[in-house]
Amino acid sequence: MRIPSYLLLICFYLLLSVACNQRVGSGSEEKGNAADASEVASADSVDKQMTALSNGSFADRKFIRSSELEFKVDNVREATEDIKEIVQKAGGFVIYSKLSSQINQMAETELSRDSSLEFVRYTVQNNMKIRVPTVRFDTVLSSILPLANFIDNQIVQLDDVSFEVLSNHMTIRRAVGGARKNKKESADLSAYQQEEADRAKVNNLSLSDRIRYSDISLVFSQRSLVKQTVIANEEKAMEYQPGFGRKFLTALIKGWQLIEWLFLILIQSWSLILAGLVVWFLYRKFRKGTSSPRYPD
């Protein structure tokens with residue numbers, strides 16, 4: 001009996017699908033095994049870390065380095081640009097910068113009834129936070145210190161986080177060990193262990209970043225500056241009245257301006273004045289010619 005060709009094709013397709021699924025499953029299993037292997041390697045280093053910490057060797061410990069520096073400079077703006085350049089050359093970056101002016105003293109002195117002199121004494125300062133590679137921590141501090149003409153205080157701090165890193169690795173090892181146990185363990189407990197392991201991994205990543213990059217806080221200022229400004233005295237300007245002497249002088253000026261105005265009016269009216277004089281002269285002459293002499297009786 002001959003088997004139809006289409007049945008052979010169907011069987012071949014089914015066999016090919018099963019083979020592909022098995023290959024994909026084995027690939028994912030290999031990836032899972034690789035991830036588990038990395039976690040196991042990290043977990044297996046716990047014993048080595050415990051041994052190193054037990055020996056008390058300084059080189060085996062993990063430190064977070066930081067510094068706080070407060071100082072005076074000649075010019076805050078120029079020092080800010082110099083510090084940015086130093087940080088950039090060291091491969092670091094500025095994470096915070098606040099340039100501000102702090103008023104120390106303010107006063108007003110009356111110059112006249114309508115103006116005053118404003119006196120302001122202020123201090124310019126900048127509050128910066130920078131992050132630099134730990135391997136260049138000392139170099140950056142050595143480059144910043146020459147910018148200061150007076151150092152208020154300097155703090156260099158090393159925080160030992162070796163035991164915190166060890167604790168996180170132990171949490172990860174417990175999670176790896178729990179995953180290898182029999183599946184009789186409840187799903188809730190397994191999820192809780194995985195959550196704790198993830199939190200420990202993130203914490204270790206954060207610690208690793210802080211170990212590689214050191215934080216430096218800078219607060220620097222310059223000598224106090226003084227600014228004087230003439231301002232309007234608005235409250236007394238509305239109440240201001242000139243004295244008698246200024247009023248008298250103003251009246252003289254206005255009187256003279258009135259005389260000038262009248263004189264100019266007369267000059268502009270010369271034709272009318274001339275016509276009036278002619279009429280008056282003719283009237284007088286005509287009146288004398290028509291009047292008859294009187295004789296006594």
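Below is a short write-up of the structure. (Residues numbered from 1 in each chain as written. Predicted model: local features only at pLDDT ≥ 70, side-chain atom pairs only at ≥ 80, totals over all residues. Heavy atoms only, no water.)

## Structural notes on the nonpolar core
By size, the foremost hydrophobic cluster in this structure holds 21 residues, and its most contacted members are F71, I130, I144, L218 and F220. Elements represented by at least two residues in this core include exactly β1 (63-72), α2 (76-89), β3 (115-133), α3 (137-144) and β5 (213-221). In terms of residue count, the dominant contributor to this core is α2 (five residues). (Core = buried A, V, L, I, M, F, W, Y, C linked by side-chain atoms within 4.5 Å. Buried < 20%, exposed > 50% of the residue type's maximum accessible area, 1.4 Å probe, protein only. Helix = DSSP H or I, 4+ residues; strand = E, 2+ residues; numbered from the N terminus.)

## Re the pattern of salt bridges
Under the counting rule described, the total for this entry stands at seven salt bridges. D160 is paired through a salt bridge with R61; the nearest N and O atoms lie 2.8 Å apart. With D160 in strand β4 (residues 150-160) and R61 in the loop between α1 (5-55) and β1, the pair connects residues that are 99 residues apart, well separated along the chain. D160 gets classed as partly exposed once you look at its relative accessible area, which sits at 34%. Between K89 and E85 there is a salt bridge, with the nearest N and O atoms lying 3.4 Å from each other. Of this pair, K89 and E85 both sit in helix α2, four residues apart, which is roughly one turn of the helix. Relative accessible area serves as the criterion here: at 68%, K89 is assigned to the exposed category. (Salt bridge = Lys/Arg side-chain N within 4 Å of Asp/Glu carboxyl O.)

## Some points on the environment of V73
Its place among the elements puts V73 in the loop between β1 and α2. With a relative accessible area of 3%, V73 lands in the buried category. In this structure, the C-alpha to C-alpha distance between V73 and N149, residues 76 residues apart in sequence, is 5.5 Å. Look past the residues within four positions of V73 in its chain and what remains in contact with it is A79, L147, A148, N149, F220, S221, Q222 and R223. (Contact = heavy atoms within 4.5 Å.)

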